[in-house]
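# Close look at the chain arrangement
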Amino acid sequence: QVQLVESGGGLVQAGGSLRLSCVASGSINGINGAGWYRQAPGKQRDLVATITSAGSTNYTDSVKGRFTISRDNAKKTVYLQMNSLKPEDTAVYYCNAGIRVSWYRSFEDYWGKGTLVTVSS
């Protein structure tokens, strides 16, 4: 079984920084693309950033220039470096990745349970 576990969330003041990590574990043959999403209470889950298997990245407009997504394939880990945090960034952040458990299986989406980021003013 595959599991994604996020960590690194917490309380930070506006203008501060936080680094989130997402570690994949279990029977994993390969990881394709990955991304970070966030959801505030009463809001839908929105895309924050994505990264391809080759390292190409994309960001939602509201975080461009402030957030950086990266990955360490050897560690099966995806990161989200968040700088210049704003109160509007407050949300539960979820890790998502396309993973296949065997070479003969297709890639499927997996989700972590989330880590809470709270930015105070």
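Anything mentioned here points back to the structure above.
In short, a report on the structure. (Residues numbered from 1 in each chain as written. Predicted model: local features only at pLDDT ≥ 70, side-chain atom pairs only at ≥ 80, totals over all residues. Heavy atoms only, no water.)

## Here we look at the packing of aromatic side chains
The criterion, for reference: Pairing of aromatic side chains requires ring centres within 6.5 Å, counting the rings of Phe and Tyr and the six-membered ring of Trp. Pairs whose planes differ by under 30 degrees are stacked, by over 60 edge-to-face, and all others tilted. Categorising residues by exposure relies on relative accessible area from a 1.4 Å probe, with only protein chains included: less than 20% of the type maximum marks a residue as buried, more than 50% marks it as exposed, and the intermediate range marks it as partly exposed. The criterion is that NZ of a Lys, or CZ of an Arg, lies within 6 Å of the ring centre and within 35 degrees of the ring normal, and then a charge sits over that ring.
The full count for this structure, using the stated rule, is two aromatic pairs. Geometrically, the ring pair formed by Trp-103 and Tyr-104 is edge-to-face, given 5.6 Å between the ring centres and 90 degrees between the ring planes. In terms of burial, Trp-103 and Tyr-104 fall into one category: exposed. Directly above the ring of Tyr-79 sits Arg-19, whose terminal nitrogen or CZ lies 4.0 Å from the centroid. The ring of Tyr-94 is capped by Arg-45, whose NZ or CZ atom sits 3.6 Å from the centre of that ring.

## Some thoughts on the pattern of salt bridges
Threshold: Each reported salt bridge corresponds to a side-chain nitrogen of Lys or Arg within 4 Å of a carboxyl oxygen of Asp or Glu. Helix and strand labels come from DSSP, where a helix needs a run of H or I of at least four residues and a strand needs a run of E of at least two; each type is numbered from the N terminus.
Counted under the stated rule, the structure contains four salt bridges. Between Arg-38 and Asp-89 there is a salt bridge whose closest N-O contact spans 2.9 Å. Here Arg-38 is found in strand S4 (residues 30–39), whereas its partner Asp-89 is found in the loop between strand S8 (77–82) and strand S9 (91–100), with 51 residues between them in sequence. A salt bridge links Asp-61 to Lys-64; the nearest nitrogen and oxygen atoms lie 2.9 Å apart. A single network of salt bridges, built from pairs that share partners, joins Arg-38, Arg-66 and Asp-89.

## Focus on the layout of surface pockets
Empty space among the atoms becomes apparent when a probe as large as a water molecule is rolled across them. Applied cut-off: Using only the protein atoms, space was sampled on a 1 Å grid; points where a 1.4 Å probe fits but cannot get out form cavities, open sets with protein on both sides within 12 Å along at least five of seven lines form pockets, and lining residues are those with an atom within 4 Å of a point. Grid points are joined across faces, edges and corners, and a volume is the space filled by probe spheres set on the points. Nonpolar residues are Ala, Val, Leu, Ile, Met, Phe, Trp, Tyr, Cys and Pro. Charged residues are Asp, Glu, Lys and Arg, and all others, Gly as well, are polar.
The space that makes up the largest pocket amounts to roughly 150 Å³. As for the largest pocket, its lining consists of 17 residues, of which Ile-31, Arg-71, Asn-73, Lys-76 and Thr-77 are closest to the centre. The set of elements that each furnish at least two residues to the lining of the largest pocket consists of strand S3 (18–25), S4, strand S7 (67–72), S8 and S9. Broken down by class, the residue content of the lining of the largest pocket amounts to ten nonpolar, four polar and three charged.

## Notes on the state of the cysteines
As a reminder, the rule being used: Note on disulfides: each one is a pair of cysteine sulfur atoms within 2.5 Å.
If you walk through the whole model with that rule in mind, you get one disulfide. Across the disulfide, Cys-22 is cross-linked to Cys-95 (sulfur-sulfur distance 2.1 Å). Taking the sign of the torsion about the S-S bond as the criterion, the disulfide between Cys-22 and Cys-95, at about -80 degrees, is left-handed. Residue Cys-22 is found in strand S3, and its partner Cys-95 is found in strand S9; the two are separated by 73 residues along the sequence. The class for Cys-95 is buried, based on a relative accessible area of 0%.

## Digging into the environment of Val-92
Put simply, the test is: Here a residue-residue contact requires only that any non-hydrogen atoms of the pair lie within 4.5 Å.
Mapping Val-92 onto the fold places it in strand S9. Val-92 sits 38 residues away from Ala-54 along the chain, and the two C-alpha atoms are 27 Å apart. Dropping the residues within four chain positions of it, Val-92 is found in contact with Tyr-37, Arg-38, Gln-39, Gly-114, Thr-115 and Leu-116.

Nothing here speaks to function; it is geometry throughout.
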